[in-house]
Amino acid sequence: MDFKKLNTLKGFMPQHEGEALSRWAEKFSSIGPALEIGTFGGKSSLYMAAGTSKNEQVVFTIDHHSGSEEHQVGEGYFDPDIYDESLGRVNTVPLMQSNLNQFEESRYVVPMIVNANLLAPIWTMSLGLLFIDGSHTEISAQNDYVNWNKRVLTGGALVIHDIYENPDEGGQAPFLIYQKALEEGFNLYERVDTIVCLIKT
Ligand code: MG
């Protein structure tokens, strides 16, 4: 995988964190598939596929593709490139398709256009790695953690992005579920800047 090229894609995963995600995806996909909540344009899905492809393992990635709170019209991360006039809403499917199309490893990416809360009750597959990077509202982050962490196999990994201890630097929702996971049987394996990898014990 050409990480330099991957890093030029639109998205919210800096290269040093993406490369860590890729390493973890390689390590933990040896025990089961990876699943990501919050595809956006598929950039981090591709970082993960760079790792899982070495084990012939897939990355499931879930997103409703209508953008998070901060991507909506008038909000801080609104981007006209991902706004679909005909639908009258944000639609990140075309961005994802165009990004995935540029990399061979995308054949290991399984996009699912659905609300993660709706899929969770009927999902039964166990996971080698779960990556939570969806909406950063407190309720969404909590739901993603509570609904999905039980699918992680013992010895598998829970990865969380956008960890900020200091509220002045970023929202606290990912940090709060990180703390909760530490209390509930996950141990810190590695941290790179704002992305953490925990192992289920
Ligand atoms: Mg993020």
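Residues numbered from 1 in each chain as written. Predicted model: local features only at pLDDT ≥ 70, side-chain atom pairs only at ≥ 80, totals over all residues. Heavy atoms only, no water.

Peer 1: How should the pattern of salt bridges be read in this particular structure?
Peer 2: A pair can form between side chains of opposite charge whenever their charged atoms are brought close. Summed over all chains, the structure comprises six salt bridges. For aspartate 81, the salt bridge goes to lysine 10, with nearest N and O atoms at 3.3 Å. Taken as a pair, aspartate 81 in the loop between β2 (59–63) and β3 (83–84) and lysine 10 in the loop between α1 (3–7) and α2 (15–28) lie far apart in primary sequence, 71 residues in all. Exposure remark for aspartate 81: the relative accessible area of 62% places this residue in the exposed category. Classification of lysine 10 by relative accessible area gives partly exposed; the value is 31%. The salt bridge involving arginine 107 is made with glutamate 104; its shortest N-O contact spans 3.5 Å. Residue arginine 107 shares its accessibility class with glutamate 104, and that shared class is exposed. If you follow the salt bridges from partner to partner, you end up with Lys10, Asp79 and Asp81 in one network. (Salt bridge = Lys/Arg side-chain N within 4 Å of Asp/Glu carboxyl O. Helix = DSSP H or I, 4+ residues; strand = E, 2+ residues; numbered from the N terminus. Buried < 20%, exposed > 50% of the residue type's maximum accessible area, 1.4 Å probe, protein only.)

Peer 1: How do you make sense of the pairing of strand β1 (residues 34–37) when you look at a structure like this?
Peer 2: A two-sided burial pattern is seen for β1, the buried positions comprising Ala34 and Glu36 on one face and Leu35 and Ile37 on the other. Here four bridges tie β1 to β2, and the two strands are oriented parallel to one another. Looking at β2, one finds that leucine 35 is bridged to phenylalanine 60. Taken together, β1, helix α3 (residues 43–52) and β2 form a β-α-β motif whose crossover is right-handed. (Pairing = 2+ DSSP bridges. Right-handed = clockwise from strand over helix to strand, strands pointing away.)

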